[in-house]
Amino acid sequence: MTPYPLTWLYVPGDRPPIVAKALAAGADVVVVDLEDAVAPDRKDYARAATAELLSESQPNVHVRVNALDSPWAADDLRALTSLPGVSGLRLPKVTSAEEVVAVAERHNSPPLYALLETALGIERAFSIASAHPFLRGIALGEADLRADLGVRDDAGLDWSRSRVIVAARAAGLAPPPQSVHPDIRDLEGLAASCAHGRALGFLGRAAIHPRQLPVIERAFLPTDRELEQAETIVKAAVREEGAQALPDGRFIDAAVVAAAQRTLTLARRT
């Protein structure tokens, strides 16, 4: 997987032809969804189809299993955790660190990613983020959280968004990807929402259609101006260690240099 995945394309696990198209769509990570995208009477078929697909190695494919308290989760985990094509498991509706530990220790688990989709999950964000070494990331599930909180205005989720971002970084995890933009036709709205998410500290975004991928990538990749500034900062730091002022008056120190290095790494991620 690229060190900084920006696009996470969700596809329904009970539709193998769409999964095949998604694998060729150019997303950094394809997430085969066994949960929200699959009707209850299709769960067994979706699991079997996904297990068949991932019985051979695939690049950067995650599976979102069913909620851990659901009737299907145990079968999902037994069928999928040891398959060579599964590079990550996404655990929905996580509300405690104990849930993460149980999955990590009872199964020969690939990297785990916890989705926080309730008020209780948000409240325990850092505990979940630091639950186990197998946990490689956390993210927000905004549709369920919006319903749980009764939030109508999008700005009402910003505190929860920031909480998840801070918890991830405090636990030493990568910045989380932003939750999906549900209107696949509204690319201008998607771009504006990505800009807001990037300002909050998200890195990349979940998508539900390939047409969203280039919009997300453009929004989260450094601009030419940001690259120019980062290169200037890194070159100045090579010449002289410690805090200093650039010719244009900008003050830089170790934290500023580290941020500039991350910007250059992100730009070279492919």
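Throughout what follows, the structure given in this document is the object of discussion. Being a predicted model, the structure only gives us computed values, none of them experimental.

Describing the pairing of strand β3 (residues 61–64)
Part 1 of the reasoning: Both faces of β3 are covered, namely the face carrying Val61 and Val63 and the face carrying His62 and Arg64.
Part 2 of the reasoning: Taken together, the four bridges between strand β2 (residues 29–33) and β3 define a ladder with parallel strand orientation. Bridging from a neighbouring strand, Val31 pairs with His62 of β3.
Part 3 of the reasoning: Taken together, β3, helix α3 (residues 73–80) and strand β4 (residues 88–91) constitute a β-α-β crossover, and its handedness is right-handed.

Overview of helix α2 (residues 43–53)
Part 1 of the reasoning: What α2 keeps buried is the set Lys43, Ala46, Arg47, Ala49, Thr50 and Ala51.
Part 2 of the reasoning: Close packing links the buried residues of α2 with α1 (16–23), β2, β3 and α3.

Here we look at the side chain of Ser70
Part 1 of the reasoning: With respect to the helices and strands, Ser70 occurs in the loop between β3 and α3.
Part 2 of the reasoning: Among the polar contacts listed, one links the side chain of Ser70 to the backbone nitrogen of Ala73, at a separation of 3.3 Å.

Overview of the side chain of Arg47
Part 1 of the reasoning: Structurally, the position occupied by Arg47 is in helix α2.
Part 2 of the reasoning: If we ignore the near neighbours within four places in the chain, the residues touching Arg47 are Leu34, Trp72, Asp75, Asp76 and Ala79.

Brief notes about the environment of Ala260
Part 1 of the reasoning: If you trace the backbone, Ala260 turns up in helix α12 (residues 254–267).
Part 2 of the reasoning: When the C-alpha atoms of Ala260 and Arg163 are compared, they prove to be 24 Å apart, with 97 residues separating the residues in sequence.
Part 3 of the reasoning: Those residues in contact with Ala260 that sit more than four places away from it in its chain are Ala230, Ile233 and Val234.

What to know about the packing of aromatic side chains
Each pair of aromatic rings is reported with the distance of its centres and the angle of its planes.
Part 1 of the reasoning: Within this structure, the stated rule accounts for one aromatic pair.
Part 2 of the reasoning: When the ring of Trp8 is compared with that of Tyr113, the centres are 6.1 Å apart and the planes differ by 65°; the resulting orientation is edge-to-face. Taken together, the residues span a long stretch of sequence, with Trp8 in strand β1 (residues 7–12) and Tyr113 in strand β5 (residues 112–116) at a distance of 105 residues.
Part 3 of the reasoning: By relative accessible area, Tyr113 is classed as buried at 11%.

Focus: the pattern of salt bridges
Part 1 of the reasoning: Overall, the coordinates contain 18 salt bridges when judged by the stated rule.
Part 2 of the reasoning: One salt bridge connects Asp75 with Arg78, and the closest N-O pair in it is separated by 2.3 Å. Taken together, the positions of Asp75 and Arg78, both in helix α3 and three residues apart, correspond to about one turn of that helix.
Part 3 of the reasoning: Looking at Asp75, the relative accessible area reads 31%, which means it is partly exposed.
Part 4 of the reasoning: The residue Asp154 makes a salt bridge to Arg146 at a minimum N-O spacing of 3.3 Å.
Part 5 of the reasoning: For Asp154, a relative accessible area of 37% gives the class partly exposed.
Part 6 of the reasoning: Taking the relative accessible area as the measure of exposure, Arg146 reaches 24% and is therefore partly exposed.
Part 7 of the reasoning: Here the salt bridges do not stand alone but share partners, grouping Asp33, Glu35, Asp36, Arg64, Lys93, Glu117 and Asp144 into one network.

Topic: unusual backbone geometry
Part 1 of the reasoning: Positive phi, normally seen in glycine, also occurs at Asn60, with a value near 55°.
Part 2 of the reasoning: Relative accessible area serves as the criterion here: at 22%, Asn60 is assigned to the partly exposed category.
Part 3 of the reasoning: Even without a glycine there, the phi angle at Lys93 is positive, about 55°.
Part 4 of the reasoning: With respect to the helices and strands, Lys93 occurs in the loop between β4 and α4 (97–106).

What to know about the sheet that holds β4
Part 1 of the reasoning: Here we have seven strands laid out as an open sheet, ordered β6-β5-β4-β3-β2-β1-β7, and parallel in their pairing. Each edge of the open sheet is held by one strand with a lone partner, namely β6 (135–140) and β7 (205–207). On average, adjacent strands in this sheet sit at an angle of 25° to one another, irrespective of strand direction.
Part 2 of the reasoning: The pairing of β5 with β6 spans five bridges and is classified as parallel. Residue Ala114 lies in a different strand from β6, and its bridge partner there is Ile138.
Part 3 of the reasoning: Across the sheet, helix α10 (residues 213–220) lies against β1 and β7, angled at about 175° from β7, the strand it touches most.

How each quantity is defined
Residues numbered from 1 in each chain as written. Predicted model: local features only at pLDDT ≥ 70, side-chain atom pairs only at ≥ 80, totals over all residues. Heavy atoms only, no water. Buried < 20%, exposed > 50% of the residue type's maximum accessible area, 1.4 Å probe, protein only. Helix = DSSP H or I, 4+ residues; strand = E, 2+ residues; numbered from the N terminus. Pairing = 2+ DSSP bridges. Right-handed = clockwise from strand over helix to strand, strands pointing away. Contact = heavy atoms within 4.5 Å. Polar contact = N/O pair within 3.5 Å; in protein donor to acceptor, adjacent residues only side chain to side chain. Phe/Tyr/Trp six-rings, centres within 6.5 Å; stacked < 30°, edge-to-face > 60°. Salt bridge = Lys/Arg side-chain N within 4 Å of Asp/Glu carboxyl O. Axes fitted to C-alpha atoms, helices over the stretch in contact; angles between N-to-C directions.

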